[in-house]
Amino acid sequence: MPTPTKKPVVIVTRKLPDVVETRMCELFDTKLNVEDKPMTQAQLVEAVKTADVLVPTVTDRIDRAVLTQAGPRLRLIANFGTGVDNVDLDTARNRSILVTNTPGVLTEDTADMTMALILAVPRRLAEGAAYMRDPATKWSGWSPTWMLGHRIYGKRLGIIGMGRIGRAVARRAQAFGLQIHYHNRRRLPEDIEAEFEATFWESLDQMLTRVDIVSINCPHTPATYHLLSARRLRLLKPSAYVVNTARGEVIDENELARLLETGAIAGAGLDVFENEPVVNPRLLASERVVALPHMSSATIEGRIDMGEKVIINIKAFADGHAPPDRVHVAML
């Protein structure tokens, strides 16, 4: 840990909002990535060799190969993001490196985008917008049987992961007349269930067979990798939709693509992908898919809030206090 009279060396891996970078430079000996080019593994290794604090983003792989080469000064990884699946937490713990994240600040933004996809896929919004912009087509006007989608009012929404974001999605979905069903590691207290008029399913398999829309809002951990496996995806009704604003690794994408191609699933709204930034071309080719470039949390307000969380965690660490957003493996 740096001494109180010396500013900690903080290395930031990507461009952050100007107001965040300005404040970080005022408080710390900060090295910025002005060009915003993703760091290579070699650059990440060099960073952990010289930094007191590393500020990576969710796309930086801070794995064992990187962390085992960290210098003795590195004592904090202040992740710019809620998810920490990009950091090898076990190796960090074994090397006495604290890891923090930015929980809570992206809840409403992510829930907004989740609700947007829940609306967009059944109502064919992206398909209609693309048609209007295509110079090869000419809209001939309203028709009673053209571009028909499905109403969502009265349908069953199955939420996987009823944490902050899952509950924010439920709140929005309830206003649109959706019936709330959920699967979670632990059942919610009765008063919260009553608030959402939510039905708890201990068995994910049983929930999947009964819902019309599935919203994935759980983190990516070893336990949730391909939680929606090929077998589980095949449990969905042919009229069901899948929406994912969490992590791509939670879904078996190849099977999802196959089911969409054969019409065994009605559609999908995807903001995250299993091998980002590479996207399965079969998903992009499907008119049943609304694909977004991992933008659920992309609001100016959200990014600034994230930066403020990072600064608070670093400042607490530099002052010799426990960072408020320290991540413990047991929490995941």
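Residues numbered from 1 in each chain as written. Predicted model: local features only at pLDDT ≥ 70, side-chain atom pairs only at ≥ 80, totals over all residues. Heavy atoms only, no water.

## A look at the sheet that holds strand E4 (residues 76-78)
One open sheet holds the five strands; their spatial order is E2-E1-E3-E4-E5, and the pairing between them is parallel. Only two strands of the sheet have a single partner each, and these edge strands are strand E2 (29-31) and strand E5 (98-100). This sheet shows a mean twist of 20 degrees between the axes of neighbouring strands, independent of strand direction. The sheet contact formed by strand E3 (residues 53-55) and E4 spans two bridges and is parallel. Bridge pairing in E4 places Leu54 opposite Ile77. (Pairing = 2+ DSSP bridges. Helix = DSSP H or I, 4+ residues; strand = E, 2+ residues; numbered from the N terminus. Axes fitted to C-alpha atoms, helices over the stretch in contact; angles between N-to-C directions.)

## Notes on the UniProt feature "domain: D-isomer specific 2-hydroxyacid dehydrogenase NAD-binding" (unreviewed entry) in the protein chain
Residues given the UniProt feature "domain: D-isomer specific 2-hydroxyacid dehydrogenase NAD-binding" (unreviewed entry) here are residues 115-296. Note that residues 115-296 is 34% helix and 15% strand, and that its end C-alpha atoms are spaced 10 Å apart. (UniProt positions renumbered as here; feature names shortened; annotations may be inferred.)

## Some details on the UniProt feature "domain: D-isomer specific 2-hydroxyacid dehydrogenase catalytic" (unreviewed entry) in the protein chain
When the UniProt feature table is mapped to this numbering, "domain: D-isomer specific 2-hydroxyacid dehydrogenase catalytic" (unreviewed entry) covers residues 21-327. The span residues 21-327 shows a helical share of 38% and a strand share of 13%, and its end C-alpha atoms are spaced 23 Å apart.

## Topic: the environment of Gly128
Mapped onto the elements of the fold, Gly128 is located in helix H6 (residues 125-133). Assessed through its relative accessible area of 18%, Gly128 is described here as buried. Spatially, the C-alpha atom of Gly128 lies 7.3 Å from that of Met147, the residues being 19 residues apart in sequence. (Buried < 20%, exposed > 50% of the residue type's maximum accessible area, 1.4 Å probe, protein only.)

## Describing the domain arrangement of the protein chain
Taken domain by domain, the protein chain holds domain 1 (9-101 + 299-319) and domain 2 (106-291). Between the C-alpha centres of domain 1 and domain 2 the distance comes to 32 Å. Contacts between domain 1 and domain 2 engage seven residues on the former and four residues on the latter. With both sides pooled, the region where domain 1 packs onto domain 2 buries about 500 Å², and carbon together with sulfur makes up 49% of that total. Our count for the contact surface shared by domain 1 and domain 2 stands at one salt bridge. At the boundary of domain 1 and domain 2, one finds three residue pairs in polar contact (both at pLDDT 80 or more). Partitioned by chemical class, the residues of the side of domain 1 that touches domain 2 number two nonpolar, four polar and one charged. (Domains from an automatic or database assignment. Contact = heavy atoms within 4.5 Å. Buried area = accessible area lost by both parts, 1.4 Å probe. Salt bridge = Lys/Arg side-chain N within 4 Å of Asp/Glu carboxyl O. Polar contact = N/O pair within 3.5 Å; in protein donor to acceptor, adjacent residues only side chain to side chain. Nonpolar A, V, L, I, M, F, W, Y, C, P; charged D, E, K, R; others polar.)

## Let's talk about the pairing of strand E9 (residues 213-216)
Because side chains alternate across E9, one face comprises the buried residues Ile213 and Ser215, and the other comprises Val214 and Ile216, equally buried. Note that strand E6 (residues 156-160) and E9 share four bridges and pair parallel. The residue bridging Ile159 from the neighbouring strand is Ser215, located in E9. Sheet analysis places E9 next to strand E10 (residues 241-244), joined by four bridges and oriented parallel. Bridging across to E10, Ile216 finds its partner in Asn244.

## Things to note about the environment of Arg156
By the element assignment, Arg156 lies in strand E6. Residues Arg156 and Asp212, 56 residues apart in the sequence, show an inter-C-alpha distance of 5.2 Å. Apart from residues lying up to four places away in sequence, Arg156 is in contact with Gln179, His181, Arg210, Val211, Asp212 and Ile213.

## Considerations on the packing of helix H5 (residues 107-123) against helix H7 (residues 164-175)
Their axes nearest at 9 Å, the elements H5 and H7 cross at an angle of 50 degrees. Comparing their axes, H7 and H5 come out oblique. The two elements H5 and H7 cross, and the hand of that crossing is right-handed. On H7, the residues that touch Thr107, Glu108, Thr110, Ala111, Asp112, Thr114, Met115 and Ile118 of H5 are Arg164, Ile165, Ala168, Val169, Arg172 and Ala173. Taken together, the residues of the contact of H5 with H7 break down into seven nonpolar, three polar and four charged. (Parallel < 35°, antiparallel > 145°, perpendicular 65-115°, else oblique. Left-handed = near helix turned anticlockwise from the far one by under 90°.)

## Side note on helix H11 (residues 253-262)
All buried positions along H11 are accounted for by Glu253, Glu255, Leu256, Ala257, Leu259 and Leu260. Elements that come into contact with the buried residues of H11 comprise helix H10 (230-233), strand E11 (267-270), helix H12 (281-284) and strand E12 (289-291). At the N-terminal end of H11, a side-chain oxygen is found 3.3 Å from the backbone nitrogen of Asn254, two or three residues along, and the residue is Asp252. Directly after H11, the chain includes Gly263, whose backbone phi takes a positive value near 80 degrees.

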